[in-house]
Amino acid sequence: MKIFNFSAGPAMLPEEVMEKAAAEFTNYADSGCGLMELSHRGTEFSDIMQRVEANIRGLMNIGDDYAVCFIQGGASLQFAMVPMNLMLPGGFAEYADTGSWASKAAKEAKLFGDVKIVASSKETNYDRIPVIRHWRPDPKASYLHITSNNTIAGTQYHSFPETEVPLVADMSSDIMSKVIDINSFGLIYAGAQKNLGPSGVALVIIRRDLAERVPEKTPVMLKHKTYIENNSLYNTPPTFGIYMLNLVMEWLKDKGGISAMEEINDAKSEALYELIDSSEFYRSPVDPGSRSRMNVVFRLPSEDLEAKFLSGAKKAGLTGLKGHRSVGGIRASIYNAMPIKGVETLIDFMNEFESANR
Ligand SMILES: *Cc1c(COP(=O)(O)O)cnc(C)c1O
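The structure presented is a predicted model; accordingly, all values stated were derived computationally and were not measured.

(A) Molecular detail of the sheet that holds strand S2 (residues 66-71). Here seven strands make up an open sheet; going across it, the order is S2-S10-S9-S8-S5-S3-S4 and the pairing mixed. Each edge of the sheet is formed by a strand with only one pairing partner; in this case those strands are S2 and strand S4 (114-120). Averaged over all pairs of adjacent strands, the angle between strand axes in this sheet comes to 20°, irrespective of strand direction. Across the sheet, helix H4 (residues 100-109) lies against strand S3 (92-97), S4, strand S5 (144-147), strand S8 (167-170) and strand S9 (187-191), angled at about 165° from S3, the strand it touches most.

This is the structure we're talking about:
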């Protein structure tokens, strides 16, 4: 039976990508060496590095004033590296608190300077993105940090705050799912395991001038500047993650790029929200204007029914639908690699389950 995996991350990868990787794992490009045996300074891997950067730049339309870096430690290390590198001496940073990842990021920043929470939806259980036009960004802030898609709460920014200070975004769960203007951002980071590839590597895109702020006495591996100056090859990079990321980029290009993917993502999420909104059985806890197109969170009339739903879904080949342990409920993560067919299968199952259990 074909399984559709709705896990929030590590998440589904395109089938074509996994098949190609499986074949190249034991013999990369007829080199006679397996992919994991290639030197990170050899010609084969250097070629992968050049292609992945060029592909990312092309897909996201990134200019030369930005650097593209590959860093281990996931998005969570960037929670610390962002303030270590961007906090001005004696300065403060602004954070929007839109969920547990956002608040973890703010907590790390407090180790390196003052943190002001400029907007929060904590009081309403993170059910929305606070209205951006009510924010008062301070022009003296070192930067403003947002979490563009809140993977657990199922909320997403559909427009970004306008600010004079560098805008920093944790885009772990919606990078490359829709077209954005890179020039609105100072720094973007994303753990790869949601929308870009496997775990083990984070993609960091940073405006070059901002990387100069870093205090001299920062460990070399924790400076963005080190990755920029050495093309992410100061030490041994996570070669498998970078290789996989490149295969996903090539797949994305084949599919027509990010704007084509955005249309598919809109269609997938709209179909699910339409069913939820037209049903008396399913319910969305998220404010309609803030709903995520990547993580569709919903509830059933009782927790018993939710447990029954999850076990029935699993039997129907639909896995990974359990909501995050901190919030419960159901969460369908429908990143780029989730085909429309997967969402259609889920919708059929939801309709049948409702009829049988209403
Ligand atoms: C998953 C996730 C993280 C954590 O990523 P790691 O790579 O595991 O550190 C951070 N932010 C968001 C928005 C996420 O979805």
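Here the narrative resumes, following the displayed structure.
(B) Just helix H2 (residues 43-60), in detail. Taking 1.5 Å as the rise per residue, H2 with 18 residues should run 26 Å; its terminal C-alpha atoms sit 26 Å apart, in good agreement. Packing partners of the buried residues in H2 comprise S2, strand S10 (202-207), helix H6 (239-254) and helix H7 (257-278). Just past H2, the residue asparagine 61 takes up positive phi, approximately 55°.

(C) Expanded view of the site of the ligand. Not every one of the 13 residues close to the ligand is listed here, only the nearest: Ser76, Thr151, Asp170, Gln193 and Lys194. Note that an oxygen atom of the ligand is positioned 3.0 Å from one of the backbone N or O atoms of alanine 75. With respect to the ligand, the side chain of aspartate 170 contributes an N or O atom lying 2.6 Å from a nitrogen atom. Burial of the ligand by the protein amounts to 88% of the accessible area it has alone, namely 390 Å². It is helix H3 (residues 74-86) that contributes the most residues to the shell around the ligand, four residues altogether. Tallied by class, residues from the shell around the ligand come to three nonpolar, eight polar and two charged.

(D) Spatial organisation of the domain arrangement of the protein. Under the domain assignment used here, the protein contains domain 1 (16-254) and domain 2 (258-357). Put simply, the middle of domain 1 and the middle of domain 2, counted by C-alpha atoms, are 27 Å apart. Taken together, the contact between domain 1 and domain 2 spans 23 residues of the former and 24 residues of the latter. Of the roughly 2000 Å² buried between domain 1 and domain 2 on both sides combined, carbon and sulfur atoms contribute 56%. Along the contact surface separating domain 1 from domain 2 lie one salt bridge. With its nearest N and O atoms 4.0 Å apart, the salt bridge here joins arginine 128 to aspartate 287. Of all the secondary structure elements, the ones that give two or more residues to the side of domain 1 that touches domain 2 are H2, strand S7 (155-156) and H6. By residue class, the composition of the side of domain 1 that touches domain 2 is nine nonpolar, nine polar and five charged.

(E) Molecular detail of the packing of helix H1 (residues 15-26) against H6. Their axes nearest at 10 Å, the elements H1 and H6 cross at an angle of 135°. The angle between the axes of H1 and H6 places the two elements in the oblique class. Remark: the crossing between H1 and H6 carries right-handed chirality. Of the residues in H6, those in contact with Glu16, Val17, Lys20, Ala21, Glu24 and Phe25 of H1 are Phe240, Tyr243, Met244, Leu247, Val248 and Trp251. Looking at the contact of H1 with H6, its residues break down into nine nonpolar, no polar and three charged.

(F) Geometry of empty space enclosed by the protein. Within the structure shown, the criterion is met by two cavities of 30 Å³ or more. Lining the largest cavity are 14 residues, and of these Met12, Lys194, Asn195, Leu196 and Ala337 sit closest to its centre. Looking at the lining of the largest cavity residue by residue, the class counts come to nine nonpolar, four polar and one charged. Summarising the domain contributions, the lining of the largest cavity has at least three residues from each of domain 1 (16-254) and domain 2 (258-357). One number sums up the size of the second largest cavity: a volume of about 50 Å³. Around the second largest cavity, the lining residues are Gln156, Ser177, Lys178, Glu262, Asn265, Asp266, Arg293 and Met294. Counting residues per element, the lining of the second largest cavity draws most heavily on H7, which supplies three residues. In the lining of the second largest cavity, the residues fall into one nonpolar, three polar and four charged. Counting contributing residues, the lining of the second largest cavity receives three or more from each of domain 1 (16-254) and domain 2 (258-357).

(G) Structural context of the pattern of salt bridges. Applying the stated criterion across every chain yields a total of 14 salt bridges. With a shortest N-O distance of 3.4 Å, lysine 225 and glutamate 212 are connected by a salt bridge. Note that lysine 225 is positioned in helix H5 (residues 224-229) and glutamate 212 in the loop between S10 and H5, a separation of 13 residues in sequence. The exposure class of lysine 225 is partly exposed, given its relative accessible area of 24%. Close ionic contact of glutamate 216 with lysine 223 constitutes a salt bridge, the shortest N to O distance being 3.9 Å. Judged by relative accessible area, glutamate 216 falls into the exposed class, the value being 67%. Classification of lysine 223 by relative accessible area gives buried; the value is 13%. Connected through salt bridges with shared partners, the residues Asp47, Arg51 and Glu250 form a single ionic network.

Procedures and definitions
Residues numbered from 1 in each chain as written. Predicted model: local features only at pLDDT ≥ 70, side-chain atom pairs only at ≥ 80, totals over all residues. Heavy atoms only, no water. Pairing = 2+ DSSP bridges. Helix = DSSP H or I, 4+ residues; strand = E, 2+ residues; numbered from the N terminus. Axes fitted to C-alpha atoms, helices over the stretch in contact; angles between N-to-C directions. Contact = heavy atoms within 4.5 Å. Expected span 1.5 Å × (residues − 1). Near = heavy atom within 4 Å. Polar contact = N/O pair within 3.5 Å; in protein donor to acceptor, adjacent residues only side chain to side chain. Areas by Shrake-Rupley, 256 points an atom, 1.4 Å probe, with all protein chains shown as cover. Nonpolar A, V, L, I, M, F, W, Y, C, P; charged D, E, K, R; others polar. Domains from an automatic or database assignment. Buried area = accessible area lost by both parts, 1.4 Å probe. Salt bridge = Lys/Arg side-chain N within 4 Å of Asp/Glu carboxyl O. Parallel < 35°, antiparallel > 145°, perpendicular 65-115°, else oblique. Left-handed = near helix turned anticlockwise from the far one by under 90°. 1 Å grid on protein atoms, 1.4 Å probe; cavity = no way out; pocket = protein on both sides within 12 Å on 5 of 7 lines; lining within 4 Å. Points joined across faces, edges and corners; volume = space filled by probe spheres on them. Buried < 20%, exposed > 50% of the residue type's maximum accessible area, 1.4 Å probe, protein only.

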